[in-house]
Amino acid sequence: MASALASQELWQVKTRKVCDGLELEIASPRRRQYYNTGTSIWPAGKHLAGWLAQGGAGSLERRCCVELGAGLGLVGLAAACRGARVVVTDLAENLPALSENCRRNTRSVTEAGGFVTAAVLDWSECAASAESASAVVLRLENLLGGQVEVILGADVTWDPALGPSLLSTISAIAARATNRRRVGQDLDVLIAHIPRCPLLGEGCSFDIPEGDVAFPFGKAMRDAGFQLRSEVPVGDAYGTSIFHFVCHAPEVLDASAMHQAGEKK
């Protein structure tokens, strides 16, 4: 009883409908830090979770996935409920909520044949050095029990200043995974992005930007050797799209080269 009361004091819990046939219990901290964007469910996350749950990415059964900047973990949990093995990651301050949501949805994940766990991942670790990046990816592989096959991210590209460290993290995972991958297998990177336009300054417009202006991180990904396989507009008022990048095995350079590509962005 005391434990249940303590939990109620810590968490605000809502049942989130991901798609027909899938609902998840998502807890968020009752005491939120105003600057922490990881304590809310954002539109891009809802769209990517629903798209995955409805089979938009094809079969995820037994595929090893990492969600970057997971926040409350909605996207990673949706993938796990499709039978994927998932590590949801974020900064240390967001780990309690991630772990709580993994716990609350254990039954749904298990019944789907999936697996989910939470871990700390600070993108700056991968930007620090190739050695540090390799250590991060090794930790992920140990948690998953295999090499990463799918990278997930919802609105992780909202702040251009985070782009270099995010690219370093994706590149480090890609380099290690593809160096060990069989020919013909790809690493998939699925990113849901909402375009932003400047609200101040000369030439300000409320029109939704397009192309590389809308998604400058996409150009950085292509420059680092990733290929854009598809762009799926979700049709909302924000102009949200789901971008599917692939990294083909054996076309990736070694980890140090991929790290350098990330540093240049």
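Up top is the structure.
In this section: the overall build of the protein chain. Tallying secondary structure elements over the protein chain gives 11 helices and nine strands in all. Each of the 265 residues in the protein chain was classed as buried or not, and the buried ones make up 49%. Considering only residue pairs separated by 6 or more positions, the protein chain has 69% of its internal contacts joining residues 24 or more positions apart. Accessible surface, the protein chain: about 13000 Å² in total, of which carbon and sulfur atoms supply 52%.

In this section: the packing of aromatic side chains. Summed over the entire model, instances satisfying the criterion amount to three aromatic pairs. Centre to centre, the rings of F215 and F217 are 6.4 Å apart; their planes meet at 55°, and the pair counts as tilted. The same class applies to F215 as to F217, namely buried. Judged by centre distance (6.3 Å) and plane angle (40°), the ring pair of F215 and F245 falls under tilted. With a gap of 30 residues between them, F215 in the loop between α9 (211-214) and α10 (216-223) and F245 in strand β9 (residues 241-248) connect regions that are remote in the sequence.

Summarising the element assignment, S241 is placed in strand β9. For S241, a relative accessible area of 6% gives the class buried. The spacing of S241 and S230 is 11 residues in sequence and 9.9 Å in space, taken between C-alpha atoms.

Below, the discussion takes up the sheet that holds β9. Spatially, the seven strands line up as an open sheet ordered β5-β4-β3-β6-β7-β9-β8, and their pairing is mixed. This sheet does not close on itself; its edge strands, each paired only once, are β5 (115-120) and β8 (227-233). Adjacent strand axes in the sheet meet at a mean angle of 20°, parallel and antiparallel pairs treated alike. Looking at chain direction, strand β7 (residues 186-193) and β9 are connected through eight bridges and run antiparallel.

So, about the environment of E125. As for its position among the elements, E125 is in helix α6 (residues 123-128). Take E125: its relative accessible area is 25%, and that puts it in the partly exposed class. Spatially, the C-alpha atom of E125 lies 9.1 Å from that of S168, the residues being 43 residues apart in sequence. Ignoring anything within four residues of it in the chain, the contact list for E125 reads S132, A133, V136 and R139.

Where charged atoms from two side chains of opposite charge approach closely, those side chains can pair. Scanning all chains against the criterion turns up 11 salt bridges. Ionic pairing is found between E100 and R104, a salt bridge with its closest N-O pair at 2.8 Å. Note that E100 and R104 are positioned in helix α4 (residues 95-104) at a spacing of four residues, about one turn of the helix. Judged by its relative accessible area of 11%, E100 is buried. R104 sits in the partly exposed class, given a relative accessible area of 23%. With a shortest N-O distance of 2.9 Å, K219 and D223 are connected by a salt bridge. With K219 and D223 both in helix α10 and four residues apart, this pair spans about one turn of that helix. You can call K219 partly exposed: its relative accessible area is 40%.

How each quantity is defined
- Residues numbered from 1 in each chain as written.
- Predicted model: local features only at pLDDT ≥ 70, side-chain atom pairs only at ≥ 80, totals over all residues.
- Heavy atoms only, no water.
- Helix = DSSP H or I, 4+ residues; strand = E, 2+ residues; numbered from the N terminus.
- Buried < 20%, exposed > 50% of the residue type's maximum accessible area, 1.4 Å probe, protein only.
- Contact = heavy atoms within 4.5 Å.
- Areas by Shrake-Rupley, 256 points an atom, 1.4 Å probe, with all protein chains shown as cover.
- Phe/Tyr/Trp six-rings, centres within 6.5 Å; stacked < 30°, edge-to-face > 60°.
- Pairing = 2+ DSSP bridges.
- Axes fitted to C-alpha atoms, helices over the stretch in contact; angles between N-to-C directions.
- Salt bridge = Lys/Arg side-chain N within 4 Å of Asp/Glu carboxyl O.

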